[in-house]
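# Breakdown of the fold
Listed below, chain by chain, are the residues.
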Amino acid sequence: MTSTKKKEKTRKVLTFDESLRKSCKKVSLEGRVPGIERGLPADQYYIPEGHEISRELIQVLKERKDGIGLAANQIGIDAQVAIVNVKEPIILINPRIIKQWDEIPYYEGCLSFPKKPCKTNRFKYIIIECDNYEPQLYFGPSETEPGMSEFKQETLTKNEKYNTELLESICVQHEIDHLNGMRILDRILDTTIRVEKKPGRNEPCPCQSGKKYKKCCERK
C-alpha cells in the first residue's frame, strides 16, 4: 500500500539575493517548554516555531551535503533560526553574541555566494545566548596555557581538534551575521596594496616648498 500524502519539496538556498541584507524577525517563544519534555537535553528548551524551521534547515543541509551551516533567511524564511553542523548539529534560535575576543583573519565561503570565498575578520572565541538554551554557549579552540613553549603552541594550532573548534566558532559567527542581514561580502578585508603616485619632475613638490619636484625632493 502506498501513501497518498505528497512529499513536501525541500527549499532551495537563495543565491545573490537582496533579501539577505535584511535582519530576520525574532522567533516567537509561544509554547516554549523545557526540552526534557520533548526528548531534548535538560539544559535546552523546545520552541515550536523555531524547531519546526530548524528541521527544514537540517533537511536542506542533508540533501546538499556541501554545507556546515545554514540560516533561515538563506532558504527564504524570515526568522532568527540557524543550524551549525561542524562537530554535531546545533540549533540556534534568536542567537546573539555577548562576548568575542582574539580577532583573526579567516578565509571563508558561503552557500548563498557560490564560488565567492573571501578573507574576513573573525574572532577565535565567542560567547552567545540563545532562547532555546538555558546556559550561555562558548565556542572556540582550546586555548594555549601560560608558559607553553612556542613549539607546543604551534603544534596545538595544527591539531585537528583545534582547527575543528575554530571552524565551529567561525561558522556560528557567520550564521548569526546572516540573521542580522550581514553577508560575508560585507566583511571582505581590503588587502589591496596602494602605492602613492610619484609626482612628475616639473610638478610642484609635495613637501609644499614651492619648488618643482626635480629641484627639490627628487634630489634627496
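Quick note: structure is the one above.
Only a predicted model underlies this, so the values are computations on that prediction, with no experimental measurement involved.

With that settled, the discussion passes to the overall build of the protein. Assigned secondary structure in the protein consists of 3 helices and 8 strands. Mapped in sequence order, the helices and strands of the protein form the string β-β-α-β-β-β-β-β-β-α-α. As displayed, the protein has an accessible area near 14400 Å², and 49% of this comes from carbon and sulfur atoms.

Tallied over the full model, the rule gives 12 salt bridges. A salt bridge links Asp-177 to Arg-122; the nearest nitrogen and oxygen atoms lie 2.9 Å apart. Of this pair, Asp-177 sits in helix α3 (residues 160–179) while Arg-122 sits in strand β7 (residues 118–129), placing them 55 residues apart in sequence. With relative accessibility at 9%, the residue Asp-177 sits in the buried group. For Arg-122, a relative accessible area of 2% translates into the label buried. The partner of Lys-161 in a salt bridge is Glu-165, with the nearest N and O atoms 2.7 Å apart. Taken together, the positions of Lys-161 and Glu-165, both in helix α3 and 4 residues apart, correspond to about one turn of that helix. Taking relative accessible area as the criterion, Lys-161 reaches 48% and is therefore assigned partly exposed. Several salt bridges share partner residues, and in doing so they unite Glu-108, Arg-122, Asp-177 and Arg-187 into one network.

To continue, consider the sheet that holds strand β6 (residues 96–108). Reading across the sheet, the 3 strands line up as β6-β7-β8 and stay open at both edges, with antiparallel pairing between neighbours. Whereas interior strands pair on both sides, the edge strands pair on one side only; in this sheet they are β6 and β8 (137–139). In this sheet, neighbouring strand axes are inclined to one another by 30° on average, regardless of whether the strands run parallel or antiparallel. Here β7 runs beside β8; their pairing, made up of 3 bridges, is antiparallel. What sits directly across from Ile-127, in β8, is Tyr-138. Docked against the sheet, α3 engages β6, β7 and β8, running at close to 90° with respect to β7.

Right, let's talk about the sheet that holds strand β5 (residues 89–93) for a bit. Spatial ordering of the open sheet is given by β3-β4-β5, a layout of 3 strands whose pairing is antiparallel. At either margin of the open sheet sits one strand with a lone partner, and together these are β3 (69–71) and β5. Across this sheet, the average inter-strand angle for adjacent strands is 10°, counted without regard to direction. Relative to β5, strand β4 (residues 81–85) runs antiparallel, the two sharing 5 bridges. By the bridge assignment for β5, Ala-82 is matched with Leu-92. Together, β3, β4 and β5 form the strand contacts of helix α1 (residues 48–64), whose direction differs from that of β4 by roughly 45°. Relative to β4, α3 is tilted by about 160°, and along the sheet it contacts β3, β4 and β5.

Owing to its 3.6 residues per turn, the α-helix aligns residues three or four sequence positions apart on the same side. Between its terminal C-alpha atoms α1 stretches 25 Å, which fits the 24 Å expected from 17 residues at 1.5 Å a residue. When we look at burial in α1, the residues that qualify are Gly-50, His-51, Ile-53, Ser-54, Leu-57, Val-60 and Leu-61. Tucked inside the fold, the buried residues of α1 contact β2 (45–46), β3, β4 and β5. Lys-65 sits one or two residues past α1 and shows a positive phi near 65°.

With that settled, consider the packing of aromatic side chains. Given two aromatic rings, one states the distance between the centres and the angle between the planes to describe the pair. Counted according to the given criterion, the structure contains 4 aromatic pairs. Ring geometry for Phe-16 against Phe-113: centres 5.3 Å apart, planes inclined by 85°, an arrangement best described as edge-to-face. Separated by 97 residues along the polypeptide, Phe-16 in the segment before β1 (33–34) and Phe-113 in the loop between β6 and β7 bring together distant segments of the chain. Where Trp-101 meets Tyr-125, the ring centres are 5.5 Å apart and the plane angle is 25°; that geometry is what we call stacked. Highlighted residues: Trp-101 in strand β6 and Tyr-125 in strand β7, separated in sequence by 24 residues. Given a relative accessible area of 27%, Trp-101 falls into the partly exposed group. Taken together, the ring pairs connect Trp-101, Tyr-125 and Tyr-138 into an aromatic cluster. Here the guanidinium or amino end of Arg-38 rests over the ring plane of Tyr-46, the centre of that ring lying 4.1 Å away. The aromatic ring of Trp-101 is capped on one face by Lys-99, whose charged end is 5.2 Å from the ring centroid.

Rules and cut-offs
- Residues numbered from 1 in each chain as written.
- Predicted model: local features only at pLDDT ≥ 70, side-chain atom pairs only at ≥ 80, totals over all residues.
- Heavy atoms only, no water.
- Helix = DSSP H or I, 4+ residues; strand = E, 2+ residues; numbered from the N terminus.
- Areas by Shrake-Rupley, 256 points an atom, 1.4 Å probe, with all protein chains shown as cover.
- Salt bridge = Lys/Arg side-chain N within 4 Å of Asp/Glu carboxyl O.
- Buried < 20%, exposed > 50% of the residue type's maximum accessible area, 1.4 Å probe, protein only.
- Pairing = 2+ DSSP bridges.
- Axes fitted to C-alpha atoms, helices over the stretch in contact; angles between N-to-C directions.
- Contact = heavy atoms within 4.5 Å.
- Expected span 1.5 Å × (residues − 1).
- Phe/Tyr/Trp six-rings, centres within 6.5 Å; stacked < 30°, edge-to-face > 60°.
- Lys NZ or Arg CZ within 6 Å of the ring centre and 35° of its normal.

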